[in-house]
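So you can see what is in the structure, the chains are spelled out below.
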Amino acid sequence: MTLSVHIDQITTPAAGVVVRALAFSVAPGEVLTLMGASGSGKSSVLGAIAGTIGQTADAGVGTGAAGLRFSGSVHLNGVDITHQTTARRGVGLLFQDDLLFAHMTVAENLLFAVPPGARKARLAQVESALADAGLAGFGPRDPATLSGGQRSRVAMMRALLAQPQALLLDEPFSRLDADLRGQFRAFVFAQIRARHIPAVLVTHDAADIADPARVTVLQAALQHTAHHVR
């Protein structure tokens, strides 16, 4: 599972060009880190990959929230997914907030992400995910009773239970304190490696970098450039 991204440009009516001439590939189990100042287009790049910048009739061009326009291409496992909807891309997302459903138990939150199939098999996947996250027996719990670190692990396992072929991480560690941040970061990177999923991480914190050889720094919007750290 390799993720390949080629961005000619991402623009907005207000700011003009946000990102220009950016290309990268991410191998299975690898984490590419995107860094840069606010407004440099980091989250917009994730939006282009995820398909939240919607498609227009123009080949390779999409438009989305706040008038974002994307031209370029996204390939996953050699398949062009540029014009596919977010739901069909097989790309998982993990955000700063855990976004757990308050009206569901922990197990129900996880079950929501499991693809359709026999209920017994789906429940077994939920139990296995809880065990992998060190949360065996937490299925009946109300998410409100969990600690921040526990909620983050549940959110991560929910993303993985959807069986994504690539994973996008939009500052998922930023709301945790230093100790929890380090633990959860190690947990996330271990899961990505074990499942051989290509991942793209957006962060402002150099401590979050998974591999110093796989960092792309987006420059300020007015400079319209990016450089790669190897």
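Structural data are supplied above this passage.
A short tour of the structure in this document, coming up. Keep in mind it's a predicted model, so treat the numbers as computed, not measured. (Residues numbered from 1 in each chain as written. Predicted model: local features only at pLDDT ≥ 70, side-chain atom pairs only at ≥ 80, totals over all residues. Heavy atoms only, no water.)

## Notes on the pattern of salt bridges
And step 1. The final tally for this structure, using the stated rule, is 7 salt bridges.
And step 2. Notably, a salt bridge pairs R151 with D98, separated by 2.8 Å at the nearest N-O pair. Of this pair, R151 sits in helix α4 (residues 148-161) while D98 sits in the loop between β8 (91-94) and α2 (106-111), and the two are 53 residues apart along the sequence.
And step 3. Of the charged contacts in the structure, one is a salt bridge between D132 and R195, with a shortest N-O distance of 3.6 Å. Note that D132 is positioned in helix α3 (residues 119-132) and R195 in helix α5 (residues 178-195), a separation of 63 residues in sequence.
And step 4. Three or more residues joined by partner-sharing salt bridges are found here, namely R181, R185, D205 and D208. (Salt bridge = Lys/Arg side-chain N within 4 Å of Asp/Glu carboxyl O. Helix = DSSP H or I, 4+ residues; strand = E, 2+ residues; numbered from the N terminus.)

## Comments concerning α5
And step 1. For α5, spanning 18 residues, the distance from its first C-alpha to its last is 26 Å, which sits close to the expected 26 Å at 1.5 Å a residue.
And step 2. All buried positions along α5 are accounted for by R181, F184, R185, F187, V188, F189, Q191 and I192.
And step 3. Against β3 (31-36), β8, α3, α4, β9 (166-170) and β10 (199-202) lie the buried residues of α5.
And step 4. Among the residues trailing α5, H196 stands out with phi positive, at a value near 55 degrees. (Expected span 1.5 Å × (residues − 1). Buried < 20%, exposed > 50% of the residue type's maximum accessible area, 1.4 Å probe, protein only. Contact = heavy atoms within 4.5 Å.)

## Description of the side chain of S152
And step 1. Mapping S152 onto the fold places it in helix α4.
And step 2. Residue classification places S152 among the buried residues on the basis of a relative accessible area of 11%.
And step 3. Apart from residues no more than four positions distant in its own chain, S152 is found in contact with L176 and F184.

## Considering the packing of α4 against α5
And step 1. It is the contact of α4 with α5, at a shortest axis distance of 10 Å, that shows an interaxial angle of 15 degrees. Taken together, the axes of α4 and α5 lie roughly parallel to each other. Judged by the twist between their axes, the crossing of α4 over α5 is right-handed. Between α4 and α5, the contacting residues are G149, S152, R153, M156, M157 and L160 on the first element and L180, F184, F187, V188, Q191, I192 and R195 on the second. (Axes fitted to C-alpha atoms, helices over the stretch in contact; angles between N-to-C directions. Parallel < 35°, antiparallel > 145°, perpendicular 65-115°, else oblique. Left-handed = near helix turned anticlockwise from the far one by under 90°.)

## What about the side chain of D208?
And step 1. In this structure, D208 sits in the loop between β10 and β11 (215-218).
And step 2. For D208, the side chain forms a polar contact with the side chain of R185, separated by 2.6 Å.
And step 3. Within the local environment of D208, its side chain forms a polar contact with the side chain of T203, the two groups lying 2.6 Å apart.
And step 4. Those residues in contact with D208 that sit more than four places away from it in its chain are F173, R181, R185, F189, L201 and T203. (Polar contact = N/O pair within 3.5 Å; in protein donor to acceptor, adjacent residues only side chain to side chain.)

## Side note on the nonpolar core
And step 1. Grouped together as the largest cluster of nonpolar side chains are 35 residues, with contacts concentrated most on L110, M156, L167, F184, V188 and I192.
And step 2. Contributions of two or more residues to this core are made by α2, α3, α4, β9, α5 and β10.
And step 3. Among the elements that line this core, the one with the most residues is α4, at 7 residues.
And step 4. Residues L3, I7, F24 and V202 belong to the second largest nonpolar core, which totals 28 residues. (Core = buried A, V, L, I, M, F, W, Y, C linked by side-chain atoms within 4.5 Å.)

## Quick look at the pairing of strand β1 (residues 3-12)
And step 1. Examined bridge by bridge, β1 and strand β2 (residues 16-26) share 9 bridges and lie antiparallel to one another. Within the sheet, the bridge partner assigned to H6 lies in β2 and is A23.
And step 2. Where β1 folds back onto β2 in an antiparallel hairpin, the turn is made up of 3 residues. (Pairing = 2+ DSSP bridges.)

## Quick look at the packing of aromatic side chains
And step 1. This structure, assessed with the given rule, holds 4 aromatic pairs.
And step 2. Aromatic side chains F173 and F189 sit 6.0 Å apart centroid to centroid with 90 degrees between the ring planes, which places their arrangement in the edge-to-face category. Of this pair, F173 sits in the loop between β9 and α5 while F189 is found in helix α5, placing the two residues 16 residues apart along the sequence. Per residue, the accessibility class of F173 equals that of F189, and both read buried.
And step 3. Ring centres of F184 and F187 lie 6.3 Å apart, and the angle between their planes is 25 degrees; on these two criteria the pair is classed as stacked. One end of the pair is F184 and the other is F187, both in helix α5 and 3 residues apart, which spans about a single turn. (Phe/Tyr/Trp six-rings, centres within 6.5 Å; stacked < 30°, edge-to-face > 60°.)

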